[in-house]
Amino acid sequence: MTTTNSFEISEQLDRILPTVQKPGRYTGGELNQVVKDWDQIKTRVALIFPDIYDLGMSNLGLAILYDILNNKPDLLAERAFSPWTDMEDAMRKGNLPMFSLETRHLLSDFDILGFSFPYETLYTNALNMLDLAHIPLFTSERNSSHPLVIAGGHAAFNPEPMHAFIDAFVIGEGEEVILDIVDIYQDWKKSGSSRPTLLESLSIIWGVYVPSLYQAHYYSDGTLSNIEKLVDTAPLPIIKRILPHLPPPVTRFVVPYIDVVHNRLPIEIMRGCTRGCRFCHAGMITRPVRERPVDEIIGAIEQAHALTGYEEVGLLSLSSSDYTQILDLVQKIDKRFDNSHLAVSLPSLRIESFSVELMDALNKSKRGGFTLAPEAATERMREIINKPLSNDQLLDTARAIFDRGWTKIKLYFMIGHPSETIEDVLAISDLCKAVLREGKQRVGNRVQVTAGVSTFIPKPHTPFQWVPCDTFEQIKEKQALLKRTLRGKGLKLKWNAPEDTMLESSLSRGDRRLSEVVLEAWKRGARFDAWKEHFRYDIWLESFQAAGLDPAFYTHRQRSIDETLPWDHIDSAVRKKFLTEDYLWSKNGKTRIDCRERCFACGILPTFADLRRNFPGDIWQCPEVKSKRIPTKEILTNVKVPG
Ligand code: SF4
């Protein structure tokens, strides 16, 4: 018999939890969790991270939405995470469906389920969770009695491989759009109209994509011909949602009882990036750059520190050292929390903007070592990827780090960049050895240089969206070279399995036909594809074959510039024309400077001109739009589909 209410779920958990690893993943009850009276609430949302609790609890997006929804008196948000395989077995054996942590309600009892897709290798887990929740996997099989299933996150910028399973995708920033979705949902509930009516109403919200309202057509060679909208009101393209300015940061974080990936306060100081690295998906899709004021950040840290007791604050952004007031901010935090033992971490530093003064300011609190990401080891290659930087600059930074007594440096590289040669790969070993030599001279034999070498995966909405990914054999050969040459005392090499690269590469540039592959893979047992111990590439190869598709079509094919790409109808506001030009520039090693110094007209400003005009000043790092102001209320109404 299937368990159906919170009391029965609790009874079942009492029996199951002593038999599984880390029961704290499934209990809830942490400091700052929000429990509301279920029966008094109009709309209930389950926020779902389709991987384990230990990872999901470090996801800032989930924490933000949890806070926003729970701040509304008529809404509640609860959390759910993927059960680890031992828990899944126990749940299936005991007929215990997926439940939420806060009040232990079945996911099927919620009004809205919101999945977070920061990366593509979570897709089979999402299907698994729907199945464990006894909710039909296909959007076409759900009716008004089922929850509305939505999803967002960076991977949603190419939603097509999951189009068959998700009712509506959020494209872009979720803070405002989640409340728009709830509003429409509440109106629909009151009206008693059909589920298709709900989906059509959702589709006209700025930043919402309802895939069932569109149809894909293909040419006989398998490339996409066009995306056709099936109802007149559905927008085409679907423009991403952005916030004109960032609201104050979340301060009431749920504090886990068990160790999670990041045991720290995550405070986002800036969103977006203007550096223009050509491989970087996040850098392209999160434009424009918007900063939070220093005082607002300090105030938020004070509050959050008092509410959580964390001993470390992570100042988050895609490139924290590019925050214009970073030195002032770190010095002020240092002064303000002098007696509180609050360590500051800057998880993403750029070598060019990482000053000696900043290093000194971090000196007191920085634990462990420094991570630098040159991404490529030759200056030629770094020009191609638009991360221009000289080896001398990198070595100067390494010297300054060692001079201050740190002994460990991590260097991130990628192999497989377009036009890479074996010399470019070999240069990774040489550069690491050069950094090691500098370290030895300064800190002696305690020095440790770790090279994290991943493989480049071409991503949608980037200037490299057309290029092939390295083949399995090419990756193997390059990794073997590094394993042979990058060894010795003080050197460590880490790399990704080529199979992981192949899967992510096919899903990230996949089209609608990959829904069938994802489903097939899940049916054949694929779960936790981002986990070495569970990932089964053979299952994926069989699933591609079963669907009659060739993975190489998605991974290794050079696309032509005029090909219609499966994500072209999703508008990141960085225009294809700009991406094309940037791709062609890369072929000549032509670089662009940080666009805060000179705007390259990527498309952000024309798309969001009205918003920019109404939010003048330096909150945005894009140039001002100088023409008549329009009342904000009017813009936010009209901007539902800007342009
Ligand atoms: S509009 Fe100009 S300044 Fe703004 S992100 Fe694009 S290129 Fe950079």
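### Digging into the overall build of the protein chain
So, point 1. Helix and strand content of the protein chain: 23 helices and 19 strands.
So, point 2. For 643 residues, the compact-globule estimate of 2.2 N^0.38 gives 26 Å, and the protein chain sits close to it at 24 Å.
So, point 3. Across the 643 residues in the protein chain, those meeting the buried criterion constitute 60%.
So, point 4. Put simply, of all contacts in the protein chain between residues at least 6 apart along the chain, 76% involve residues at least 24 apart.
So, point 5. For the protein chain, the exposed surface amounts to about 25,400 Å²; the carbon and sulfur share of it is 50%.
So, point 6. Averaging the locations of the 79 positively and 84 negatively charged side chains of the protein chain gives two centres separated by 4 Å.

### As for the sheet that holds strand E15 (residues 370-375)
So, point 1. In spatial order, the strands read E15-E16-E17-E18; together these four strands make up an open sheet with parallel pairing. Across the chains shown, the open sheet's two edge strands, defined by having one partner strand only, are E15 and strand E18 (491-495). Here the average twist between neighbouring strands, direction ignored, is 20 degrees.
So, point 2. Sheet analysis places strand E16 (residues 408-415) next to strand E17 (residues 448-455), joined by eight bridges and oriented parallel. If you follow lysine 410 over to E17, its bridge partner there is threonine 450.
So, point 3. Packed onto the sheet, helix H14 (residues 422-443) meets E16, E17 and E18 and runs at close to 170 degrees relative to E16.

### Considerations on the site of the ligand
So, point 1. Every residue close to the ligand is listed here: Arg287, Cys595, Cys599, Phe600, Ala601, Cys602, Ile604, Leu605, Cys622 and Pro623.
So, point 2. Split by residue class, the shell around the ligand holds nine nonpolar, no polar and one charged.

### A short note on the packing of H14 against helix H15 (residues 472-485)
So, point 1. Here H14 crosses H15 at 30 degrees, and the two axes come no closer than 10 Å. If you check the angle between H14 and H15, you find them roughly parallel. Where H14 crosses over H15, the handedness of that crossing is right-handed. Touching Ile422, Val425, Leu426, Ile428, Ser429 and Lys433 of H14 are Glu477, Lys478, Leu481, Leu482 and Thr485, all from H15.

### Let's talk about the nonpolar core
So, point 1. Phe117, Met162, Ile181, Leu202, Leu315, Leu329 and Trp540 are the most contacted members of the largest nonpolar core, which has 182 residues in total.
So, point 2. Sequence-distant contacts of leucine 202, defined by excluding residues within four places in its chain, comprise Leu148, Ala168, Ile181, Ile184, Val208 and Val210.
So, point 3. Membership of the second largest hydrophobic core comes to 34 residues, among which are Trp206, Phe279, Met381 and Ala609.

### Overview of the sheet that holds strand E4 (residues 148-152)
Two modes of strand pairing occur in sheets, parallel and antiparallel, and in both the strands are linked by backbone hydrogen bonds.
So, point 1. Pairing in this open sheet of six strands is mixed, and the strands run E2-E1-E3-E4-E5-E6 from one edge to the other. Every other strand in the sheet has two partners, leaving strand E2 (75-81) and strand E6 (208-209) as the edge strands with one partner each.
So, point 2. Here strand E1 (residues 43-49) runs beside E2; their pairing, made up of seven bridges, is parallel. Opposite leucine 47, over in E2, you have arginine 79 as the bridge partner.

### Here we look at the environment of proline 418
So, point 1. Tracing the sequence through the fold places proline 418 in the loop between E16 and H14.
So, point 2. Along the sequence, proline 418 and proline 256 sit 162 residues apart, while their C-alpha atoms lie 42 Å from each other.
So, point 3. Beyond its immediate chain neighbours, meaning those up to four positions away, proline 418 contacts Met381, Ile384, Phe456, Phe464 and Val467.

### Some remarks on the side chain of threonine 462
So, point 1. Along the chain, threonine 462 turns up in the loop between E17 and H15.
So, point 2. In this structure the side chain of threonine 462 is engaged in a polar contact, spanning 2.7 Å, whose partner is the backbone oxygen of lysine 459.
So, point 3. The contacts of threonine 462, once residues within four sequence positions are left out, are Arg278, Phe279, Cys280, His281, Met284 and Leu579.

### What about the packing of aromatic side chains?
Each aromatic ring pair is characterised by the separation of its centres together with the angle its planes make.
So, point 1. The tally for this structure, following the rule as stated, stands at 19 aromatic pairs.
So, point 2. Summarising the aromatic geometry, the rings of phenylalanine 456 and phenylalanine 464 are spaced 5.7 Å apart at their centres and angled 75 degrees between planes, so their arrangement reads as edge-to-face. Just as phenylalanine 456 is buried, phenylalanine 464 falls in that class too.
So, point 3. A ring pair is formed by phenylalanine 528 and tryptophan 531, whose centres lie 6.3 Å apart and whose planes are at 90 degrees; its orientation type is edge-to-face.
So, point 4. On the basis of relative accessibility, which here comes to 2%, the residue phenylalanine 528 falls in the buried class.
So, point 5. Aromatic ring contacts, followed pair by pair, group Trp84, Phe528 and Trp531 into a single cluster.
So, point 6. Geometry around tyrosine 218 places arginine 513 over its ring, the cationic atom sitting 4.2 Å from the centre.

### Observations concerning the side chain of histidine 163
So, point 1. Following the sequence through the fold, histidine 163 ends up in the loop between E4 and strand E5 (168-170).
So, point 2. Classification of histidine 163 as buried rests on a relative accessible area of 16%.
So, point 3. Here serine 515 takes part through its side chain, which lies 3.1 Å from a polar atom of the side chain of histidine 163.
So, point 4. Not counting residues within four places of it along the chain, the set of residues in contact with histidine 163 comprises Thr139, Phe169, Pro211, Arg512 and Ser515.

### Some remarks on the pattern of salt bridges
So, point 1. Scanning the entire structure with this criterion turns up 46 salt bridges.
So, point 2. Here lysine 478 and glutamate 420 are joined by a salt bridge, their closest N and O atoms 2.6 Å apart. On the criterion of sequence distance, the pair formed by lysine 478 in helix H15 and glutamate 420 in the loop between E16 and H14 is long-range, its members being 58 residues apart.
So, point 3. The buried category is assigned to glutamate 420, whose relative accessible area is 14%.
So, point 4. Taken together, the salt bridges that share partners define one network made up of Glu173, Glu175, Glu268, Arg271, Arg290, Arg292 and Glu296.

### A word on the pairing of E15
So, point 1. Most of E15 sits inside the fold, with five of its six residues counted as buried.
So, point 2. Two elements, E15 and E16, share four bridges in a ladder whose sense is parallel. Opposite phenylalanine 370, over in E16, you have isoleucine 409 as the bridge partner.

### Brief notes about the confidence of the model for the protein chain
So, point 1. Averaged over every residue, the pLDDT of the protein chain is 93; residues scoring 70 or more account for 96%.
So, point 2. Across residues 635-643 the pLDDT falls below 50, and counting only partners more than four positions away or on other chains, this stretch makes 18 contacts in the model.

### A word on H15
So, point 1. With 14 residues, H15 should cover 20 Å at 1.5 Å per step; its first-to-last C-alpha distance of 20 Å lies within 8% of that length.
So, point 2. Summarising the contacts, the buried residues of H15 are in contact with E16, H14, E17, E18 and helix H16 (498-508).

### So, the pairing of strand E8 (residues 224-229)
So, point 1. For strand E7 (residues 214-218) and E8, the ladder comprises five bridges, and the chain directions are antiparallel. Looking at the pairing, histidine 217 lines up with asparagine 226 of E8.
So, point 2. Two successive antiparallel strands, E7 and E8, enclose a turn made up of five residues, where glycine 222 displays a positive phi of approximately 95 degrees.

### Points about the environment of phenylalanine 608
So, point 1. Tracing the backbone through its elements, the reader meets phenylalanine 608 in the loop between helix H21 (604-607) and helix H22 (609-614).
So, point 2. Phenylalanine 608 sits 367 residues away from arginine 241 along the chain, and the two C-alpha atoms are 10.0 Å apart.

Conventions and cut-offs
- Residues numbered from 1 in each chain as written.
- Predicted model: local features only at pLDDT ≥ 70, side-chain atom pairs only at ≥ 80, totals over all residues.
- Heavy atoms only, no water.
- Helix = DSSP H or I, 4+ residues; strand = E, 2+ residues; numbered from the N terminus.
- Rg over C-alpha atoms; globule rule 2.2 N^0.38 Å.
- Buried < 20%, exposed > 50% of the residue type's maximum accessible area, 1.4 Å probe, protein only.
- Contact = heavy atoms within 4.5 Å.
- Areas by Shrake-Rupley, 256 points an atom, 1.4 Å probe, with all protein chains shown as cover.
- Lys, Arg positive; Asp, Glu negative; His and termini not counted.
- Charge placed at Lys NZ, Arg CZ, Asp CG, Glu CD.
- Pairing = 2+ DSSP bridges.
- Axes fitted to C-alpha atoms, helices over the stretch in contact; angles between N-to-C directions.
- Near = heavy atom within 4 Å.
- Nonpolar A, V, L, I, M, F, W, Y, C, P; charged D, E, K, R; others polar.
- Parallel < 35°, antiparallel > 145°, perpendicular 65-115°, else oblique.
- Left-handed = near helix turned anticlockwise from the far one by under 90°.
- Core = buried A, V, L, I, M, F, W, Y, C linked by side-chain atoms within 4.5 Å.
- Polar contact = N/O pair within 3.5 Å; in protein donor to acceptor, adjacent residues only side chain to side chain.
- Phe/Tyr/Trp six-rings, centres within 6.5 Å; stacked < 30°, edge-to-face > 60°.
- Lys NZ or Arg CZ within 6 Å of the ring centre and 35° of its normal.
- Salt bridge = Lys/Arg side-chain N within 4 Å of Asp/Glu carboxyl O.
- pLDDT = per-residue confidence, 0-100.
- Expected span 1.5 Å × (residues − 1).

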